[in-house]
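Descriptive analysis of the structure
Single-letter residue listing:
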Amino acid sequence: LNQRVQKFNHSLVYESTLGTIDVPYITDGYHYNQPGSVAVDNDGNIGILEDDGRGYRFIKLDAEGEPLFTIGEAGIAGSDNEHFNDARGLTFAANGDIYIGDCANHRIQIYTKSGNYKTTLGNGIGQENDQFYCPTGLTFDSTGNFYVADTLNHRVQIFDHTLTYSTTIGITGEAGTENDHFNEPHGVAVDADGNIYVADLFNQRVQKFDSNHTWKMTLGVTGECGYDFAHFCEPYGVAVDDVGNIYVVQKFGPRVQVFTQKGAYLTTVGGAWGGLNGQMREPLGLDVDAERDIYIADTLNHRILKYALGVPEWKQVNFNGFDKPSSRGVTALEVFQGQLYAGVSDWYIGGQIYRKEEDLDWHLVTSPGIESSHAHNNPAIIDLAVFNNQLYAGTGWG
């Protein structure tokens, strides 16, 4: 656990060390040790914060992903202005200043856009208005107000543009499931209308408040961890784009869910555990830039994933497996009697056929499995064909 190999001679006298104490990885700007937070500034520069008591660094990249500078010392925790201890929160101010939630030091560290220490917000661990107990999610609104998810105090603290305390959302020191309570909030975002979104981690939900801090809506089901589109399982971060779409990253069942400003489900990025481009391992942070590109801190894969909005001039007309997370793809399309039919692959509940009807919604027209009691026998509709004024489906096997 010192991350080194020690060499001793035949008399057991120390000779040399291979490796660097407490530094288990390459410490340049292209390699990251469990990145848990990512943010993009107004110029497209990317900030990365190594998380979970591992890397202890902030790395700033330009818009092309080239390293500019780092703050902190790889693998070394500390409490001075050049070190962090389990830093988890990250955002940029409008002028490019860097704000870092230094969780185990219970403070917000503020640096200039070029990485020079500027000031500290927070006066030691506590429950007063100028104190924090593990600050994590950070954001600004359009008027310069500053928001802090004060995680272990179960609240969100709001400061004005001079960093003077303004108000609190939540009940300080009290975890709860009511709409005026949080249970370890980890992420916070504000849209262009001043609505506030809080990733309420252990309540398995995202809470929406209006600009007067009145509760308006809940995404997810309070207290229920789940993997369908109506649930979250440890939502760590939340972001909003320029049209008010809501992006939520969850640790387990690793994915980013996207919703409209009114809470209607849109789509999902990820959802499978692994190291491929469409997979993740315990993602903990995200941000959305002005082009609606999504940046995801894929923590246990030690990388940042970037997803673009889509292919220009192509429009997505159905979202993610016809409302079933287990649907892996559309494997067949056919027009029959003036309507479009889609054959879907689903290993868990069997291949299915959907029809696009006049209301423009897709409707299930078959039972899962196509006359099979075992989904694995007919996992996909691999072909559809019209013959003799009837529609035929070819399944996988069985």
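These remarks concern the structure in this document.

Looking now at the overall build of the protein chain. Summing up its helical and strand segments, the protein chain has 1 helix and 33 strands in all. In terms of principal-axis extent, the alpha carbons of the protein chain reach across some 80 × 70 × 40 Å. Out of the 398 residues belonging to the protein chain, those deemed buried represent 49%. Of the contacts formed within the protein chain by residues at least 6 apart in sequence, a portion of 39% connects residues at least 24 apart.

So, on to the state of the cysteines. This model, assessed by the stated rule, comprises 2 disulfides. A sulfur-sulfur distance of 1.9 Å marks the disulfide that ties Cys103 to Cys134. Of note, the bridge from Cys103 to Cys134 carries an S-S torsion of about -105° and is left-handed in sense. Of this pair, Cys103 sits in the loop between strand E8 (98–102) and strand E9 (107–111) while Cys134 sits in the loop between strand E10 (117–121) and strand E11 (135–140), placing them 31 residues apart in sequence. In this model, Cys225 is linked to Cys233 through a disulfide, with the two sulfur atoms separated by 1.8 Å. Negative torsions about the S-S bond denote left-handed disulfides, and the value of about -85° found for Cys225 with Cys233 makes this one left-handed. Since its relative accessible area comes to 5%, Cys233 is described here as buried. Taken in N- to C-terminal order, the disulfide-linked cysteines of the protein chain are connected 1-2, 3-4.

With respect to the secondary-structure elements, Asn245 resides in the loop between strand E19 (235–240) and strand E20 (246–250). Its relative accessible area of 15% is what places Asn245 among the buried residues. Spatially, the C-alpha atoms of Asn245 and Glu334 are 32 Å apart, while their sequence positions differ by 89 residues. With residues up to four places along the chain from it excluded, the contact list for Asn245 reads Ala239, Val240, Val258, Phe259, Thr260 and Leu266.

According to the stated counting rule, one finds 11 salt bridges in the structure shown. Asp242 is the salt-bridge partner of Arg292, the closest N and O atoms lying 2.9 Å from each other. In this pair, Arg292 sits in the loop between strand E25 (283–288) and strand E26 (294–298) while Asp242 sits in the loop between E19 and E20, placing the two residues 50 residues apart along the sequence. Assessed through its relative accessible area of 53%, Asp242 is described here as exposed.

To continue, consider the pairing of strand E12 (residues 146–150). Where burial is concerned, most of E12 is hidden: 5 out of the 5 residues are buried. Taking every second residue as pointing to the same face, both faces of E12 are buried, with Phe146, Val148 and Asp150 on one and Tyr147 and Ala149 on the other. By the bridge criterion, 4 bridges tie E11 to E12 in an arrangement that is antiparallel. Residue pairing in the sheet places Phe140 in a bridge with Phe146 of E12. Relative to strand E13 (residues 155–159), E12 runs antiparallel, the two being bridged by 5 bridges. Of the residues in E13, the one forming a bridge with Phe146 is Phe159. Between the antiparallel neighbours E12 and E13 lie 4 residues, among them His154 with a positive phi of about 60°.

Aromatic rings considered in pairs are described by the distance between their centres and by the relative angle of their planes. Under the definition given, this model contains 16 aromatic pairs. Both rings, one in Phe8 and one in Tyr14, keep their centres 6.0 Å apart while their planes meet at 75°; by these two values the pair is edge-to-face. Taken together, a centroid distance of 5.9 Å and an interplanar angle of 80° make the contact between Phe232 and Phe259 edge-to-face. Taken as a pair, Phe232 in the loop between strand E18 (215–220) and E19 and Phe259 in strand E21 (residues 255–259) lie far apart in primary sequence, 27 residues in all. As far as the burial class goes, Phe232 and Phe259 line up, both buried.

Looking now at unusual backbone geometry. The backbone of Cys134 sits at a positive phi, close to 65°, despite the residue not being glycine. Not every positive phi belongs to a glycine, and Asn388 is a case in point at roughly 55°. Inspection of the secondary structure assignment puts Asn388 in the loop between strand E32 (381–387) and strand E33 (390–395). The exposure class of Asn388 is exposed, given its relative accessible area of 63%.

As a further point, take the pairing of E11. In terms of burial, E11 is a largely internal element, 6 of the 6 residues being buried. In this structure, the hairpin formed by E11 and E12 is closed by a connection of 5 residues, where Gly144 is found at a positive phi of approximately 95°.

What counts, and where the lines are drawn
Residues numbered from 1 in each chain as written. Predicted model: local features only at pLDDT ≥ 70, side-chain atom pairs only at ≥ 80, totals over all residues. Heavy atoms only, no water. Helix = DSSP H or I, 4+ residues; strand = E, 2+ residues; numbered from the N terminus. Buried < 20%, exposed > 50% of the residue type's maximum accessible area, 1.4 Å probe, protein only. Contact = heavy atoms within 4.5 Å. Disulfide = S-S within 2.5 Å. Salt bridge = Lys/Arg side-chain N within 4 Å of Asp/Glu carboxyl O. Pairing = 2+ DSSP bridges. Phe/Tyr/Trp six-rings, centres within 6.5 Å; stacked < 30°, edge-to-face > 60°.

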